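Geometric and topological summary
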Amino acid sequence: MLLCPRFDEVYYGQFVSLYMKRVFFIDDSGPPLGHMILALGAYFGGFDGNFVWNRIGAEYPSSVSVCFLRLCPAVCGSLSVPLVYLLTLELRFSHLSALGAALLLLLENSLIVQSRFMLLESVLVFFVLLAFFSYLRFHNNTHSWFRFCWLFLSGASCAAAVGVKYMGVFSYLLLLGVASLHTWDLIGDRTISHLRVCVQCVCRAVCLLVVPILLYVFWFYIHLTLLNRSGPHDQLMSSSFQASLEGGLSRITKGQPLEVAYGSQVTLRSSSSQPIPCWLHSHKANYPIRYESGRGSSHQQQVTCYPFKDVNNWWIIKEPDRQQLVVSSPPRPVRHGDVIQLVHGMTSRFLNSHDVAAPMSPHAQEVSGYIDFNVSMPAQNLWRVEVSNREAESESWKTILSDVRLVHVNTSAVLKMSGASLPDWGFRQMEVVAEKLFKAHSLGWTVEEHRYGTSQEQKEREAELHSPTHIDVDRKISFWAKFLELQWKMLTVKQEDSEHKYSSAPMEWITMETNIVYWLHPSTNAQIHLIGNPVSWGVASLSLLAYQLLAAVYLLRRRRGFKDLPDAAWSRFLSLGCVCVGGFLVNFVPFLLMEKTLFLYHFLPALCYLLLLGPPLLEHTHTHLLSGTPRRVLSVCVLFVLLSVFLAFRTFCPLTYGTPELSANQLQALRWRGSWDILYRRR
């Protein structure tokens, strides 16, 4: 029953397989550490990556060790329980409160489900809890230099949390805020020497700022070192990035000349065409005399941007005052600032622009392959080469490495892809224009394929375009260049979000108005749901509300001069709010601002903070607000709530573990909310 992928396991499993095969991929949902942790378990289990992750419920073959695939999330989920216990103690509350918090986490059905499968929420929760526990252990232990090991562990855990999912950034920022307040108090402590204060501040900055940054970069270093083979996501990256991978573009560009020379045959890829690659293109079709809007055109040959490899993507670099279309011996490289002409390889038309409005972007100039119709429209086909990423003013134009702008000499307009698609007469290809008002990031063109031309005649040249020139050139890209490019792509290239049957809004999570069906047995009523313990979720929500009301009352009374709590108790109360209420807010509020498909499991990190909040808050109430009979009543109520938590956990266990199989009536009885999607077969 457990030997098949569940819900998002089919998503993460694809990346695990790519790691096993060392094939490059990019995932816009987060950094690579989480995927590497899952892949590590798969590696220890001998998984070779040969499994097609295309269907929930597809049977794993006997060669796949399912236990190892799910090992790391299960270990992290299990270790989170003692971590909550220890974290409660570091917040200066009793062992009884720590036990209560640990029990709430232990009996939370949704966390158990998420920990049992190849998913990342349990890993994220573990590292966040470890970061706060380690920092508080450092902060509370003031008499030992060994405590800086705890500070280092806290910084490393923060880096790990961010490396698993970008949502870890918010918990990291919260921890930095808490550490900043503690450091500010330290600076104001006159009983500590200046030297000791300086050493403490430097150590905190190194462990909580430098170490997380270095480790975050290190995760990507491992990621890029492991994934050195071409894969399905190559097209998202630049030509130079693709050429650094084994296979794919590197196979095509191997042995190409490095320097672009006069007479070179090149394909030009637009850097603004992400995520779909696009090459400067022309073909034997003219712009219509008049567009549907009534505007006229030059009726010259169309120039477009085409998203596929094609022989019509080839252009020849020509020197304006010479007729030769071949590379001289020795080759004369094109340098930054040189003026060139671009000749289309298959039609011999010159790349041209003029004061005619572009078809889809009338504010910009039309770009065409020049045809002399013997009318008052002279050729304007001179282009100035500007190497944007040059290191020197005389730098030559290099294959793959150089990002160039082509500036129209007559009008100073810049060649670019507009982003608009042409109508049917333009074969739905992308529009290319020359524009004077431009954004710098949308102008680059990169030479991707490159040959030294040797044929002057058109027929011979057409045949030559199919045979590459081989000159051994080392064209490596540095790790930092790959790291920065990958960061930019992960932050800017987003997959299209689509509606999902089990997607939900953040406000629905607090009252658990939704659930997710992770697995259904094909022939019985056995099933697994991501559904929480209703009693625990109620306790968590009430704890949040109670803390906010209590904090408001305390603050108002303190403002009026009434101190209801000793300083030590007030400090514990504030620390509890910073960690638990602050942790909930930073892990919940950002989802209210996100425009993406969200699921119930996104709430689990925030839920853990609320589960941690309840027992210490009860201890605070029992110790400082009640006495006598009310205390005994509260103790009885707490025992009743804990019993209810356990009974609710037992009740929903069949939906947590998928066993035992329940009847249709039993499943219907578990539908405590009308919005829950619980399926069953009547027999």
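Right, let's walk through the structure included here.

Rules and cut-offs
- Residues numbered from 1 in each chain as written.
- Predicted model: local features only at pLDDT ≥ 70, side-chain atom pairs only at ≥ 80, totals over all residues.
- Heavy atoms only, no water.
- Helix = DSSP H or I, 4+ residues; strand = E, 2+ residues; numbered from the N terminus.
- Buried < 20%, exposed > 50% of the residue type's maximum accessible area, 1.4 Å probe, protein only.
- Contact = heavy atoms within 4.5 Å.
- Areas by Shrake-Rupley, 256 points an atom, 1.4 Å probe, with all protein chains shown as cover.
- Lys, Arg positive; Asp, Glu negative; His and termini not counted.
- Charge placed at Lys NZ, Arg CZ, Asp CG, Glu CD.
- Expected span 1.5 Å × (residues − 1).
- Bend = angle between axes of the 7 residues up to and from the residue.
- Pairing = 2+ DSSP bridges.
- Core = buried A, V, L, I, M, F, W, Y, C linked by side-chain atoms within 4.5 Å.
- Phe/Tyr/Trp six-rings, centres within 6.5 Å; stacked < 30°, edge-to-face > 60°.
- Lys NZ or Arg CZ within 6 Å of the ring centre and 35° of its normal.
- Salt bridge = Lys/Arg side-chain N within 4 Å of Asp/Glu carboxyl O.
- Disulfide = S-S within 2.5 Å.
- Axes fitted to C-alpha atoms, helices over the stretch in contact; angles between N-to-C directions.
- Parallel < 35°, antiparallel > 145°, perpendicular 65-115°, else oblique.
- Left-handed = near helix turned anticlockwise from the far one by under 90°.

1. Some points on the overall build of the protein
- Within the protein, the regular secondary structure consists of 20 helices and 14 strands.
- Principal-axis analysis of the C-alpha atoms gives the protein an extent of 105 × 80 × 55 Å.
- Expressed as a percentage of the 683 residues in the protein, the buried residues total 53%.
- Across the protein, the fraction of contacts at a sequence separation of at least 24, relative to all contacts at a separation of at least 6, is 73%.
- Taken as a whole, the protein presents about 31100 Å² of accessible surface, with 61% of it coming from carbon and sulfur.
- Averaged over its 58 positive side-chain charges, the protein has a centre that lies 8 Å from the centre of its 50 negative ones.

2. As for unusual backbone geometry
- Residues Ser329 and Pro330 are joined by a peptide bond in cis, for which omega reads 0°.
- Among the structural elements, Pro330 can be located in the loop between strand 4 (314-318) and strand 5 (339-344).
- Residues Thr659 and Pro660 are joined by a peptide bond in cis, for which omega reads 0°.
- Here Pro660 is to be found in the loop between helix 19 (629-657) and helix 20 (664-669).
- We note that His299 has phi near 60°; this positive angle belongs to a residue other than glycine.
- Considering the arrangement of structural elements, one finds His299 in the loop between strand 2 (279-286) and strand 3 (301-306).

3. Observations concerning helix 19
- With 29 residues, helix 19 extends 41 Å from end C-alpha to end C-alpha; this agrees with the ideal 42 Å at 1.5 Å per step.
- By the largest-angle criterion, Thr651 marks the main kink of helix 19, which is about 45°, and a proline, Pro654, follows within four residues.
- What helix 19 keeps buried is the set Leu634, Ser644, Val645, Ala648, Phe649, Phe652, Cys653, Pro654, Leu655 and Thr656.
- Along its buried surface, helix 19 packs onto helix 5 (95-106), helix 6 (109-115), strand 14 (527-530), helix 16 (534-559), helix 18 (604-624) and helix 20.
- Immediately downstream of helix 19, the backbone of Gly658 shows phi near 80°, a positive value.

4. What about the pairing of strand 6 (residues 351-357)?
- Within strand 6, five of the seven residues are buried, which leaves the element mostly enclosed by the surrounding structure.
- Across four bridges, the pairing between strand 6 and strand 7 (residues 365-369) is antiparallel. Looking at strand 7, one finds that Asn352 is bridged to Ser368.

5. Examining the nonpolar core
- Residues Phe24, Leu69, Tyr135, Ile516 and Tyr518 are the most contacted members of the largest nonpolar core, which totals 142 residues.
- Here this core takes 14 residues from helix 7 (residues 121-140), the largest share from any one element.
- With near-sequence residues (within four places) excluded, Ile516 lies in contact with Phe7, Tyr502, Ile528, His529, Leu530, Phe599, Leu600 and Tyr601.
- Listed in part, the 28 residues of the second largest apolar core include Tyr262, Val303, Leu342 and Val447.

6. Thoughts on the side chain of Thr267
- With respect to the element layout, Thr267 can be found in strand 1 (residues 264-270).
- Setting aside residues up to four positions removed in sequence, Thr267 forms contacts with Trp279, Asn313, Trp314, Thr446, Val447, Glu448 and Glu449.

7. Describing the packing of aromatic side chains
- Inspection of every chain in the model, using the stated rule, returns 37 aromatic pairs.
- Ring centres 5.4 Å apart and planes at 75° place the aromatic pair Phe220 and Phe483 in the edge-to-face group. Of this pair, Phe220 sits in helix 10 (residues 194-226) while Phe483 sits in helix 14 (residues 479-492), placing them 263 residues apart in sequence.
- By way of ring pairs, the aromatic residues Tyr216, Phe220, Tyr221, Phe479, Trp480 and Phe483 are connected into one cluster.
- Here Arg147 stacks its cationic end above the ring of Phe148, 5.2 Å away from the centre of that ring.

8. Brief notes about the pattern of salt bridges
- All told, the structure shown has 15 salt bridges when counted by the stated rule.
- Salt-bridge contacts for Lys309 lead to Glu448; the nearest nitrogen and oxygen are separated by 2.6 Å. Here Lys309, found in the loop between strand 3 and strand 4, pairs with Glu448, found in strand 12 (residues 445-452); they are 139 residues apart in sequence, far enough to count as distant.
- The exposure class assigned to Glu448 is buried, which follows from its relative accessible area of 1%.
- The residue Arg332 makes a salt bridge to Glu319 at a minimum N-O spacing of 2.5 Å. Taken as a pair, Arg332 in the loop between strand 4 and strand 5 and Glu319 in the loop between strand 4 and strand 5 lie far apart in primary sequence, 13 residues in all.
- For Arg332, a relative accessible area of 35% translates into the label partly exposed.
- When salt bridges that share partners are traced, they join Arg269, Lys309, Glu448 and Glu449 into one network.

9. Quick notes on the state of the cysteines
- Within this structure, the stated rule accounts for one disulfide.
- The cysteine Cys207 is free of any disulfide, with Cys203 supplying the nearest cysteine sulfur at 6.2 Å.

10. Here we look at the packing of helix 7 against helix 18
- Their axes nearest at 9 Å, the elements helix 7 and helix 18 cross at an angle of 45°. Comparing the axis directions of helix 7 and helix 18 gives the class oblique. Crossing hand, helix 7 versus helix 18: right-handed. Residues Glu121, Leu124, Val125, Val128 and Phe132 of helix 7 form the contact with helix 18, whose own contacting residues are Leu604, Pro605, Cys608 and Tyr609.

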